[in-house]
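So the chains spell out like this:
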Amino acid sequence: MAYGLHDEKPLLHQGVRVAVRAVQLPRPQDTAERREVVEAADAVVILPLLDGDRVVLIKNRRYAVNQTLWELPAGTLEPGEDPAAAAPRELAEETGYAAGWIEPMSHFFPAPGFCTECLHAFCATDLTHVGQNLDATEDIQAVPTAWEDALAMVRDGVICDAKTIATLLHHHTFGRDTTR
């Protein structure tokens, strides 16, 4: 987890979910340029596959962009939490499905130009419906979707969430034959 990576740098803002620090980037001729770094906890994103042909997408109200977005379920890690422990929790909370099998797919930085967050992607199969357990602030609807429809939603710009696009396309390109 990269959160706290720049602890020695000046703190500009301490929020509930992020910290913002000032850093000096070295430049030619012994000059420096000030930048802000957002320190955010790492997170998980889960690709829940129903049978071989459907994926459970969510419609998630995102207040920062004032839109309801099509996404894969995801969530922030608790301090010190292993991503493999967070993935099944977030899957069940947001979609209402528990997985019989969860395996890591990849990890990536969604905004490395200014943010420390690393996303850990998992694929979940052998799903059983157990019911959602949403936080009071969450407005999420689980929507089982045909795999080809999900890919068309990426192509057509209906899915515009980066973590969802990256995870769907990673699995489409590299992982479909390895899923149980």
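Everything in this summary refers to the structure shown in the same document.

Parameters at a glance
- Residues numbered from 1 in each chain as written.
- Predicted model: local features only at pLDDT ≥ 70, side-chain atom pairs only at ≥ 80, totals over all residues.
- Heavy atoms only, no water.
- Core = buried A, V, L, I, M, F, W, Y, C linked by side-chain atoms within 4.5 Å.
- Buried < 20%, exposed > 50% of the residue type's maximum accessible area, 1.4 Å probe, protein only.
- Helix = DSSP H or I, 4+ residues; strand = E, 2+ residues; numbered from the N terminus.
- Contact = heavy atoms within 4.5 Å.
- Axes fitted to C-alpha atoms, helices over the stretch in contact; angles between N-to-C directions.
- Parallel < 35°, antiparallel > 145°, perpendicular 65-115°, else oblique.
- Left-handed = near helix turned anticlockwise from the far one by under 90°.
- Nonpolar A, V, L, I, M, F, W, Y, C, P; charged D, E, K, R; others polar.
- Pairing = 2+ DSSP bridges.
- Salt bridge = Lys/Arg side-chain N within 4 Å of Asp/Glu carboxyl O.

Turning next to the nonpolar core. Within the largest apolar cluster, 20 residues are counted, with the highest numbers of intra-cluster contacts made by Leu47, Val55, Leu57, Leu72, Trp147 and Leu168. Those elements that place two or more of their residues in this core are β4 (43-50), β5 (54-62), β8 (97-108), β9 (119-129) and α2 (147-155). Per-element accounting of this core gives the leading share, 5 residues, to α2. The residues touching Leu47, leaving out its near neighbours within four places in the chain, are Val55, Leu72, Met105, Phe122, Cys123, Ala124, Trp147, Thr167, Leu168 and His171. Residues Val44, Ile46, Leu50 and Ala124 belong to the second largest nonpolar core, which totals 12 residues.

Here Asn66, not a glycine, exhibits a phi torsion of approximately 55°, which is positive. You can see Asn66 is positioned in the loop between β5 and β6 (67-71). Overall, the relative accessible area of 56% leaves Asn66 in the exposed class.

For the pair α2 and helix α3 (residues 162-175), interaxial distance at closest approach is 11 Å and the crossing angle is 130°. Here α3 runs oblique to α2, going by the angle between their axes. Where α2 crosses over α3, the two elements pack in a sense that is left-handed. Here α2 contributes Trp147, Leu151 and Val154 to the contact with α3, which in turn contributes Ile165, Leu168, Leu169, His171 and His172. For the contact of α2 with α3, the residue count by class is 6 nonpolar, 2 polar and no charged.

Ordered by their spatial adjacency, 3 strands build an open sheet running β1-β2-β3, and the pairing between neighbours is antiparallel. Only two strands of the sheet have a single neighbouring strand rather than two, namely β1 (11-14) and β3 (31-40). Between one strand axis and the next, the sheet turns by 25° as a mean value, whatever way the strands run. By the bridge criterion, 10 bridges tie strand β2 (residues 18-27) to β3 in an arrangement that is antiparallel. Each residue of the ladder has a partner; that of Gln24, found in β3, is Arg34.

As a further point, take the pattern of salt bridges. With the rule as written, the count across this model stands at 12 salt bridges. Here Glu39 and Arg21 are joined by a salt bridge, their closest N and O atoms 3.2 Å apart. Note that Glu39 is positioned in strand β3 and Arg21 in strand β2, a separation of 18 residues in sequence. Between Glu33 and Arg27 there is a salt bridge, with the nearest N and O atoms lying 3.1 Å from each other. Judged by its relative accessible area of 31%, Glu33 falls in the partly exposed class.

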